[in-house]
Amino acid sequence: MPGFELFGEKEKKQVNDVLETGVLMRYGFDGMRNGQWKAKEFENALSKRMQCKYTHLVSSGTAALTVALASAGVGAGDEVLMPTFTFVASFESILALGAVPILVDVDATLTLNPDAVKKAITSKTKAVMPVHMCGSMADLKALKTICDSHNLLLVEDACQAIGGSYEGKPLGTYGDLGCFSFDFVKTITSGEGGAVVTNNKNYYVNADHYSDHGHDHIGSDRGAEEHPFLGYNYRISELHAAVGIAQLERLDEFLQRQQQYYTIVREALSTISEITFREVPVGGIENYSFLSFFMPTQELAEKAHKALGAEGVDACFYWFANNWHYYKKWDHLTNKTSLGKLPKEVQEQLPDYTKSDFSLSDKWVGRNISCLIKLSWTTEEVEERAQKMVETIKGLLN
Ligand SMILES: *Cc1c(COP(=O)(O)O)cnc(C)c1O
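Residues numbered from 1 in each chain as written. Predicted model: local features only at pLDDT ≥ 70, side-chain atom pairs only at ≥ 80, totals over all residues. Heavy atoms only, no water.

For the rest of this paragraph, the subject is the site of the ligand. Near the ligand lie 14 residues; those nearest to it are Gly61, Thr62, Ser181, Asp183 and Lys186. Between an oxygen atom of the ligand and a side-chain N or O atom of lysine 186, the distance comes to 3.1 Å. Expressed as a share of its isolated accessible area of 380 Å², the protein-covered part of the ligand is 93%. In terms of residue class, the shell around the ligand is built from five nonpolar, six polar and three charged. (Near = heavy atom within 4 Å. Polar contact = N/O pair within 3.5 Å; in protein donor to acceptor, adjacent residues only side chain to side chain. Areas by Shrake-Rupley, 256 points an atom, 1.4 Å probe, with all protein chains shown as cover. Nonpolar A, V, L, I, M, F, W, Y, C, P; charged D, E, K, R; others polar.)

Our focus in this paragraph is the nonpolar core. Leu269 and Phe293 are the most contacted members of the largest nonpolar core, which has 125 residues in total. The dominant element in this core, judged by the number of residues it contributes, is helix 9 (residues 251-269), at nine residues. With sequence-adjacent residues up to four places away left out, phenylalanine 293 is seen in contact with Leu269, Ile275, Thr276, Phe277, Arg278, Arg367, Asn368, Ile369, Cys371, Met389 and Ile393. (Core = buried A, V, L, I, M, F, W, Y, C linked by side-chain atoms within 4.5 Å. Buried < 20%, exposed > 50% of the residue type's maximum accessible area, 1.4 Å probe, protein only. Helix = DSSP H or I, 4+ residues; strand = E, 2+ residues; numbered from the N terminus. Contact = heavy atoms within 4.5 Å.)

Along its twelve residues, helix 2 (residues 38-49) runs 16 Å from first to last C-alpha, staying within 8% of the 16 Å computed at 1.5 Å per residue. When we look at burial in helix 2, the residues that qualify are Lys38, Ala39, Phe42, Glu43, Leu46 and Ser47. In a view along the axis of helix 2, the buried residues occupy a sector of 165 degrees, so they form one face of it. The exposed residues of helix 2 that point more than 90 degrees off its buried face are Asn44 and Lys48. Glutamine 51 sits one or two positions beyond helix 2 and adopts a positive phi of about 50 degrees. (Expected span 1.5 Å × (residues − 1). Arc of directions from axis to C-beta.)

Let us look at the sheet that holds strand 12 (residues 290-294). Taken in spatial order, the four strands make up an open sheet running 10-12-14-13, and their pairing is antiparallel. The open sheet has two edge strands, strand 10 (276-277) and strand 13 (316-317), and neither has a second partner. Here strand 13 pairs with strand 14 (residues 368-372) via two bridges, running antiparallel. Paired with cysteine 316 across the two strands is cysteine 371, which belongs to strand 14. (Pairing = 2+ DSSP bridges.)

A separate point is the sheet that holds strand 7 (residues 169-170). Paired through their backbone hydrogen bonds, the strands of a sheet run either parallel or antiparallel. Strand order in the open sheet formed by three strands is 7-6-11, with antiparallel pairing between adjacent strands. Since the sheet does not close on itself, it has two edges, and those belong to strand 7 and strand 11 (284-285), each with one partner. Sheet analysis places strand 6 (residues 165-166) next to strand 7, joined by two bridges and oriented antiparallel. The residue of strand 7 that forms the bridge with serine 165 is proline 170.

What follows covers the pattern of salt bridges. Applying the stated criterion across every chain, the model contains 21 salt bridges. The residue arginine 26 makes a salt bridge to glutamate 43 at a minimum N-O spacing of 2.7 Å. Taken as a pair, arginine 26 in the loop between helix 1 (9-21) and helix 2 and glutamate 43 in helix 2 lie far apart in primary sequence, 17 residues in all. A network of salt bridges, in which partner residues are shared, links Glu11, Arg250 and Glu253. (Salt bridge = Lys/Arg side-chain N within 4 Å of Asp/Glu carboxyl O.)

This part is about unusual backbone geometry. When glycine is set aside, most residues are seen to have a negative phi, and most peptide bonds are trans. Despite not being glycine, tyrosine 288 has its phi angle at roughly 65 degrees, a positive value. By the secondary structure assignment, tyrosine 288 is in the loop between strand 11 and strand 12. Residue class for tyrosine 288 comes out buried when judged on its relative accessible area of 15%. In this structure, alanine 315 takes a positive phi of about 65 degrees despite not being glycine. Position of alanine 315 among the secondary structure elements: in the loop between helix 10 (298-310) and strand 13.

Scanning the model with the defined rule gives 20 aromatic pairs in all. With a centroid separation of 5.5 Å and an interplanar angle of 45 degrees, the aromatic rings of phenylalanine 87 and tryptophan 324 are classed as tilted. Of the two residues, phenylalanine 87 sits in the loop between strand 2 (79-83) and helix 4 (89-95) while tryptophan 324 sits in the loop between strand 13 and helix 11 (331-334), which places them 237 residues apart along the sequence. Measuring from ring centre to ring centre gives 4.9 Å for tyrosine 327 and phenylalanine 358, while their planes differ by 70 degrees; the resulting arrangement is edge-to-face. Linking tyrosine 327 in the loop between strand 13 and helix 11 with phenylalanine 358 in the loop between helix 12 (344-349) and helix 13 (359-365), this pair joins segments that are 31 residues apart in sequence. Residue classification places phenylalanine 358 among the buried positions, given a relative accessible area of 7%. Among the aromatic side chains, those forming a connected cluster through ring pairs are Tyr318, Phe320, Tyr326, Tyr327, Tyr353 and Phe358. Lying across the ring of phenylalanine 87, lysine 186 places its NZ or CZ 5.9 Å from the centre. (Phe/Tyr/Trp six-rings, centres within 6.5 Å; stacked < 30°, edge-to-face > 60°. Lys NZ or Arg CZ within 6 Å of the ring centre and 35° of its normal.)

Here is the structure:
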């Protein structure tokens with residue numbers, strides 16, 4: 001997945017445009033910038049590629065999630081439904097607003113299970129935030145139906161699945177709002193950075209103001225701008241946006257290469273009848289950043305993960321035991337460990353996750369192994385790797 005593997009001349013040229021003017025900020029300094037508006041250019045290019053009306057860049061994917069929720073009015077005490085299998089950014093972005101992260105089971109899609117979502121809805125629920133983990137998506141149609149009938153926001157975390165699609169729509173643009181990350185290990189990177197995409201003008205304008213101290217961005221004198229509401233600073237810099245422009249131009253090339261390598265590994269693993277693959281909802285196309293499969297039992301998954309590592313097959317992950325991605329290791333959330341006092345609403349409403357039953361998630365994540373698809377491999381390396389994986393796993397099953 002990581003776009004940094006193919007960092008090159010295009011990226012350097014873009015950054016150099018900014019260094020030539022010395023204007024590192026995305027707003028103002030019109031006279032000095034020699035017509036260079038990298039953040040605006042990246043936003044326009046992203047809107048075009050994602051076939052959506054509006055894009056607003058921010059400083060990270062985590063910031064994008066917070067800004068997306070804030071721009072749609074999510075605040076203290078509102079409950080946001082999120083999966084047990086994701087990245088810690090999901091609950092961080094919710095907590096940042098004083099809202100309450102409600103963990104919900106995942107299934108064979110490795111993302112939100114629609115029935116579990118339905119069961120978790122209360123009068124305080126304001127949004128559902130599926131996370132398109134490891135390159136594939138949640139059952140967005142089912143989630144949208146639930147959201148529409150309960151008047152809830154659908155906010156897609158597409159940080160790990162940029163370039164994938166569902167029913168012909170780029171991931172991130174099916175729900176009310178979508179979020180991307182351009183951190184250093186994502187499919188395309190700007191070093192640090194993120195984006196909020198939407199077709200809703202009101203949310204877009206709110207995101208634009210909120211991420212820059214509430215500035216209304218009217219006129220060309222920042223000092224004279226009004227602040228229609230409170231905001232914060234989640235701005236991206238021109239240097240970061242410049243790298244992003246070059247990487248976005250290469251997105252489709254990256255996706256094509258990921259699909260090619262993914263297919264080689266998948267076809268090889270398909271010869272093992274005991275292995276099943278992660279379920280992709282009907283109408284969905286992955287971005288092929290990972291290949292995720294299930295072993296017959298949790299014990300075999302643990303063994304296969306260890307054996308693959310020992311054989312030198314790197315970048316295969318067993319998320320069930322991972323510190324960042326699965327609820328079992330989120331002790332700081334479960335124990336509400338924070339430096340200062342948490343908002344009253346969070347203290348009162350956060351469920352006691354030591355008592356939760358996430359056996360559905362455990363059943364799938366416990367048997368899952370996800371292998372990163374690297375852009376820097378050669379076809380020969382992928383073929384060799386696929387063969388080694390097959391031999392290693394077959395050895396365990398005999
Ligand atoms: C990377 C990631 C984020 C956060 O992005 P940052 O840019 O690192 O803040 C959020 N959600 C998911 C699923 C991610 O993988």
